[in-house]
Amino acid sequence: MLLYTDRGVSEEEEVFIAAWLGEHYPEAEEFACIDFIQGDLNSDGLQDIAFVVDSDAFCGYHTSNERRMFILLQQKDGSWMEQEDTPYLGDATSGGMRGDPYIGAFIQDGYLMVNVGWGSSSGTVQTDIYEYHNENLSLIKQVNVDDYNYAEGYDVKIRNEQTGAWQRYAIAMDGSLMVRVDLEDSEHMAHKAFPRISLFDGSYYIYHDKIKSGISSEEALDRVCEEIVVDGDSAVREKLPYVEWQKDGYELLLGVTLPDYYYALSESESKGEAGAAEWNDDYYLFYNGMIIEDERLYHVICMVQDEKIRKFLLDDATGEISEE
């Protein structure tokens, strides 16, 4: 749940902040009010307060920047108790070209959510979810949503800070709708030879029907393998460890039935150094989807060797192979 109040401070709220700071932080004579949030943080039935303030006087307290979030817990007698541990916030310049990183915050029965963002043409919006328990605030979940100005869709990663479990999925366009497509989690991580999908390569769309092609993905991978593995080098098929939902997700985004294997490659002994192992885990060939260039459909096959990637294009109409 990514909820937060509209960022801002009313005149009445600013008067309250000025009075409270004047009593507890008199050195903050000059300050700017950024946000004011209300809700029952400690679940005692009383409205608590959080507010964000900029002041040069805060440099050196908990952080080296001028911004702080204060949290005040309302007591039964109407007084306020300051919460000592509060979320760190970057200053107004730490959002890069997207400006002030602070987006907003939200309090709801025992939880505090804080939204921040940063970047330029590509960027991230991060939601930190804190739980109030035993008079302490603990970060329990973090949600990162990555975007790119020149592509539609989002990359999302959710991490449970208590267990370390995480999951990653894409948000893809399905007409005017947005659809979640699961890609990996902490128990089913992406294999090195899974397709490499990125918003930098193009928008995320849902393919309900596969792209019509004359050559299958398996045949394209096999042909490129036969073409480039020469001079005594070897290629061995290795099964890709897809789980069903994972393979379905990649195929929805790529519009093609994917091979369930890749090729592990090895150089001939005469090419390697004396005594070196013949097989190299960082030398392999995999299928990476299809693209259209100059109104022609191509299969994309990637070869990785020592962390360097070479891309081969197989023309679906002619079978001709070229290197990108």
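To start, this report covers the structure provided alongside it. The model shown is predicted, which means the values in this text are computed figures rather than measured ones.

### Thoughts on the overall build of the chain
Assigned secondary structure in the chain consists of 3 helices and 17 strands. Over its C-alpha trace the chain gives a radius of gyration of 27 Å, far above what one expects of a compact globule, namely 20 Å for 324 residues. Across its three principal axes, the chain shows a C-alpha extent of roughly 80 × 50 × 35 Å. Per-residue burial for the chain yields a buried fraction of 43% across its 324 residues. Sequence-distant contacts, at least 24 apart, represent 48% of the contacts inside the chain between residues at least 6 apart. By element, 45% of the accessible surface of the chain is carried by carbon and sulfur atoms, the whole surface being about 17,600 Å². Looking at the chain, you have 23 positive and 66 negative side-chain charges, and the mean spots of the two groups are 8 Å apart.

### Notes on the environment of W20
Assignment of secondary structure puts W20 in helix α1 (residues 11-24). Separated by 126 residues in sequence, W20 and D146 have C-alpha atoms that sit 38 Å apart. Those residues in contact with W20 that lie beyond four places of it in its chain are Y25, F51, F70, L72 and E82.

### Some words on the packing of aromatic side chains
The description of two aromatic rings rests on the distance between their centres and on the angle between their planes. Inspection of the entire model under this criterion finds 17 aromatic pairs. An angle of 50° between the planes, with centres 4.6 Å apart, marks the rings of Y148 and F200 as tilted. You can see Y148 sitting in strand β8 (residues 136-148) and its partner F200 sitting in the loop between β11 (177-185) and α2 (217-228), a full 52 residues away along the chain. The class of Y148 is buried, set by a relative accessible area of 18%. A relative accessible area of 53% means that F200 is categorised as exposed. Considering the side-chain rings of Y261 and Y263, the 5.8 Å spacing of their centres and the 85° angle between planes classify their relative orientation as edge-to-face. The pair formed by Y261 and Y263 is uniform in burial state, with each residue classed as buried. Here a set of aromatic residues connected by ring pairs shows up, and it is made of W20, Y25, F51, F58 and F70. One residue, K157, lies across the ring of W166, its end atom 4.5 Å from the ring centre. When the ring centre of Y261 is taken as reference, the NZ or CZ atom of R237 above it lies at 4.0 Å.

### A few points about the side chain of E13
Its place among the elements puts E13 in helix α1. Given the relative accessible area of 19%, E13 is considered buried. With sequence-adjacent residues up to four places away left out, E13 is seen in contact with G8, F36 and Q38.

### Digging into the pattern of salt bridges
Working definition: two side chains of opposite charge can pair if their charged atoms are close together. Using the criterion set out here, one finds 13 salt bridges in the structure. D54 is the partner of R67 in a salt bridge, and the nearest nitrogen-oxygen pair spans 2.8 Å. Of the two residues, R67 is situated in strand β3 (residues 67-74) and D54 in strand β2 (residues 48-54); the sequence distance between them amounts to 13 residues. Classification of D54 as buried rests on a relative accessible area of 10%. Between K247 and E251 there is a salt bridge; the shortest N-O distance is 2.6 Å. Note that K247 and E251 are positioned in helix α3 (residues 244-254) at a spacing of 4 residues, about one turn of the helix. Here K247 matches E251 in class, with each residue buried. Salt bridges sharing partners connect three or more residues here, namely D54, R67 and D100.

### Some points on the pairing of strand β7 (residues 122-133)
Taken together, the 9 bridges between strand β6 (residues 111-119) and β7 define a ladder with antiparallel strand orientation. The residue of β7 that forms the bridge with M113 is I129. Both β7 and β8 contribute to a ladder of 12 bridges, which runs antiparallel. When the sheet's bridge partners are listed, T124 is paired in β8 with D146.

### Quick notes on the sheet that holds strand β1 (residues 32-39)
Within the open sheet, the 4 strands sit side by side as β1-β2-β3-β4. Their pairing is antiparallel. Looking at which strands have only one partner, the edges of the open sheet turn out to be β1 and β4 (80-82). Between one strand and the next, the sheet's axes are offset by a mean angle of 25°, whatever the strand orientation. Relative to β4, β3 runs antiparallel, the two being bridged by 3 bridges. Looking at β4, one finds that Q74 is bridged to W80. Against the sheet, α1 contacts β1, β2, β3 and β4, and its axis sits at roughly 100° relative to β1.

So, how was this worked out
Residues numbered from 1 in each chain as written. Predicted model: local features only at pLDDT ≥ 70, side-chain atom pairs only at ≥ 80, totals over all residues. Heavy atoms only, no water. Helix = DSSP H or I, 4+ residues; strand = E, 2+ residues; numbered from the N terminus. Rg over C-alpha atoms; globule rule 2.2 N^0.38 Å. Buried < 20%, exposed > 50% of the residue type's maximum accessible area, 1.4 Å probe, protein only. Contact = heavy atoms within 4.5 Å. Areas by Shrake-Rupley, 256 points an atom, 1.4 Å probe, with all protein chains shown as cover. Lys, Arg positive; Asp, Glu negative; His and termini not counted. Charge placed at Lys NZ, Arg CZ, Asp CG, Glu CD. Phe/Tyr/Trp six-rings, centres within 6.5 Å; stacked < 30°, edge-to-face > 60°. Lys NZ or Arg CZ within 6 Å of the ring centre and 35° of its normal. Salt bridge = Lys/Arg side-chain N within 4 Å of Asp/Glu carboxyl O. Pairing = 2+ DSSP bridges. Axes fitted to C-alpha atoms, helices over the stretch in contact; angles between N-to-C directions.

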